Amino acid sequence: MAPRVVSVEADGGSRGNPGPAGYGAVVRDAETGEVLAERSESLGTATNNVAEYQGLIAGLTAAAELGAAEVDVRMDSKLVVEQMCGRWQIKHPGLRPLAAQAAGLVGRFAAVRFTWIPREQNRHADALANAAMDAAAGRPPSAPTTGRPPATPATGSDPATAPASWEPRPSFTATRLILVRHGETEYTEQRRYSGRGDVPLSEKGRAQVRATAARVAELAPSVGAVLSSPLSRCTATAASIAEALGGDVPVRTEDDLIECDFGQWEGRTFTEVRERWPGEMDAWLASPRIAPPGGESFTHVAERAHRVVTGLLTAYPGETVVVVSHVSPIKLVLRDALAAGDGFLHRLFLDAAGISVLDMWPDGGVAVRTVNDTAHLAAL
């Protein structure tokens, strides 16, 4: 039987910073202290902080594979602990994807608690990390008690020596998400189910996108990131927004932002689906756990959307992030932000190129500022 609560001890380092790097992670039964899993790997050339994040990711992955419900993470990296708790800002571009990946794993558990511990209390993971660093450097393994050399001030984990890029951030600063639905397509105008099919923007959709981009630039002159579903109707919308923001923020595609897979209903109207699949339609409308024939349930889409939001809160604390996606993922984010019931999904209408804005705080507070703002489209 899988333990409900486990502890993850993780560490990582490099000899040279950057230099030969590696990580170690240990998963224990939180009640008995029994070692349930060990993970270690050489990383080639990397920095201390990259290796520490890789150790955390490996430990959380192992805990998930064991089926744990709750995790107590213990690390001697003050930087990783503070960043994962949302108290320190993540500005280094090399750490943001790793922090987002770790945050996605955090979202798979009922609870994850982070605690900083002195290095002497993290000897098991430290020894695994040292062995991995030795392997990366092509040297015989170090003695278990050797320990890695202290981090240099340039990347140290001590808040007194941390560089300005990682200064503590007030916990009351919200992360703002600007949620944008893509512009119109031919399917949008015809009211057809448009899921995984890569239907491009229509001429009207392109005009909507230009107006939306200008509006987003007014709302957020400074943006930490622009994320987009990989489908072209979203990437084209996101590219226009990034250009309106000055072109300094690249568009990053995120597979978890893709639209719901409507299976056999793809490209059909509601009336066509109702006539051909009346029972399946009734079941789908009654429960988010039911998927269209050959498709995906809203429950699964909600899990994807939650991973994205969790990752953004960790990677961009206190910043503004633009998220370009589709009706279903945006509705599900808004449903959870408003603590609404499942009926909300079929009662809220989101226009093409509509904008919704919400603020999210590290302590769990949420404020929905705007839902489906389309005033910028009035002149079209």
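Quick look at the structure, then. Keep in mind that this is a model prediction, so the values were computed, not measured.

Criteria and cut-off values
Every chain begins its residue count from 1, and numbering advances along the sequence as written. Local features in this predicted model are restricted to residues whose pLDDT is 70 or higher, and side-chain atom pairs enter the listing and the counts only when it is 80 or higher, whereas totals over whole chains, interfaces and linings include all residues. Here the side-chain values reflect all heavy atoms present in the structure, with hydrogen atoms and water set aside. Under the scheme used here, helices are H or I runs from DSSP no shorter than 4 residues and strands are E runs no shorter than 2 residues, and both carry numbers assigned from the N terminus. Here the radius of gyration uses the C-alpha set of atoms, whereas the globule reference equals 2.2 Å times the residue count to the power 0.38. Type-normalised accessible area, obtained with a 1.4 Å probe on protein chains alone, sets the label of each residue: buried when under 20%, exposed when over 50%, and partly exposed for intermediate values. Contacts were defined at the residue level, with two residues in contact if any of their heavy atoms lie within 4.5 Å. Note that accessible areas follow from Shrake-Rupley with a 1.4 Å probe, and for residues the cover is restricted to the protein chains shown. The charge count includes Lys and Arg as positive and Asp and Glu as negative, but it does not include His or the ends of the chains. All charge positions are set by atom: Lys at NZ, Arg at CZ, Asp at CG, Glu at CD. In this analysis, strands are considered paired if DSSP registers two or more bridges between them. Working definition: rings of Phe, Tyr and Trp (its six-membered ring) pair if their centres are within 6.5 Å, and the pair is stacked with planes under 30 degrees apart, edge-to-face with planes over 60 apart, and tilted otherwise. Axis angles are defined between N-to-C directions and span 0 to 180 degrees, where every axis is a line fitted to C-alpha atoms and, for a helix, only to the segment in contact. Any helix carries an expected span of 1.5 Å times its number of residues minus one. Working definition: roughly parallel below 35 degrees, roughly antiparallel above 145 degrees, roughly perpendicular at 65 to 115 degrees, and oblique for all remaining angles. In a left-handed crossing the near helix is turned counterclockwise from the far helix by less than a right angle, and in a right-handed crossing that turn is clockwise.

**As for the overall build of the chain**
The helix and strand tally for the chain stands at 12 helices and 11 strands. Against the globule reference of 21 Å for 380 residues, the chain gives a C-alpha radius of gyration of 23 Å, in line with a compact fold. If you line up the chain on its principal axes, its C-alpha atoms span 70 × 50 × 40 Å. Within the span of the chain, comprising 380 residues, buried residues form 52% of the whole. In the chain, once contacts between residues fewer than 6 apart in sequence are set aside, the share between residues at least 24 apart is 72%. Surface summary for the chain: the accessible area is close to 16,500 Å², and the carbon and sulfur share equals 51%. Within the chain, the 45 negative side-chain charges are centred at a point lying 2 Å from the centre of the 37 positive side-chain charges.

**Digging into the pairing of strand β6 (residues 175–181)**
Most of β6 sits out of view: six of its seven residues are buried. Sheet topology note: the β6/strand β10 (residues 355–360) ladder contains six bridges and is antiparallel. Looking across to β10, one finds that Leu177 is bridged to Leu358. Inspection of the sheet shows β6 paired to strand β9 (residues 320–325) by six bridges, in the parallel sense. Across the sheet, residue Ile178 finds its bridge partner in β9, namely Val322.

**Quick word on the packing of aromatic side chains**
What the rule picks out here adds up to seven aromatic pairs. On the basis of an interplanar angle of 80° and a centroid distance of 6.1 Å, the ring pair of Tyr193 and Trp284 is categorised as edge-to-face. Of this pair, Tyr193 sits in the loop between α5 (186–189) and α6 (203–219) while Trp284 sits in helix α9 (residues 278–286), and the two are 91 residues apart along the sequence. As far as the burial class goes, Tyr193 and Trp284 line up, both buried. With 6.5 Å between their ring centres and 80° between their planes, Phe262 and Trp284 make a pair best called edge-to-face. Of this pair, Phe262 sits in the loop between β8 (251–253) and α8 (270–276) while Trp284 sits in helix α9, and the two are 22 residues apart along the sequence. Of the two residues, Phe262 and Trp284, neither departs from the other in class, the shared state being buried. Grouping aromatic residues by their ring pairs yields a cluster made of Tyr193, Phe262, Trp265, Trp277, Trp284 and Phe298.

**Brief notes about the sheet that holds β9**
What holds strands together in a sheet is hydrogen bonding between their backbones, with the strands either parallel or antiparallel. Strand order in the open sheet formed by six strands is β8-β7-β9-β6-β10-β11, and the pairing between neighbours is mixed. Two strands close off the open sheet at either side, each with one partner strand: β8 and β11 (366–373). The sheet shows a mean angle of 20° between the axes of neighbouring strands, direction not considered. Along the sheet, helix α10 (residues 298–315) makes contact with β6, β7 (225–228), β8, β9 and β10, crossing β6 at roughly 140°. Strands β6, β9, β10 and β11 of the sheet are contacted by helix α11 (residues 327–337), whose axis makes an angle of about 145° with β6.

**Examining helix α7 (residues 232–244)**
The first and last C-alpha atoms of α7 sit 18 Å apart over 13 residues, in line with the 18 Å expected at 1.5 Å per residue. Buried residues of α7: Arg233, Cys234, Thr237, Ala238, Ser240, Ile241 and Ala242, and no others. As for α7, its buried residues are in contact with β6, α6, β7, β8 and β9. Positive backbone phi, at 110°, marks Gly246, one or two positions downstream of α7.

**Looking at the packing of helix α3 (residues 96–106) against α10**
In the contact formed by α3 and α10, the axes pass within 8 Å of each other and the chain directions differ by 135°. When the axis of α3 is compared with that of α10, the two are oblique. The crossing of α3 and α10 is right-handed. For the pair α3 and α10, the contacting residues are Arg96, Ala99, Ala100, Ala103 and Gly104 in the first and Arg307, Thr310, Gly311, Thr314 and Ala315 in the second.

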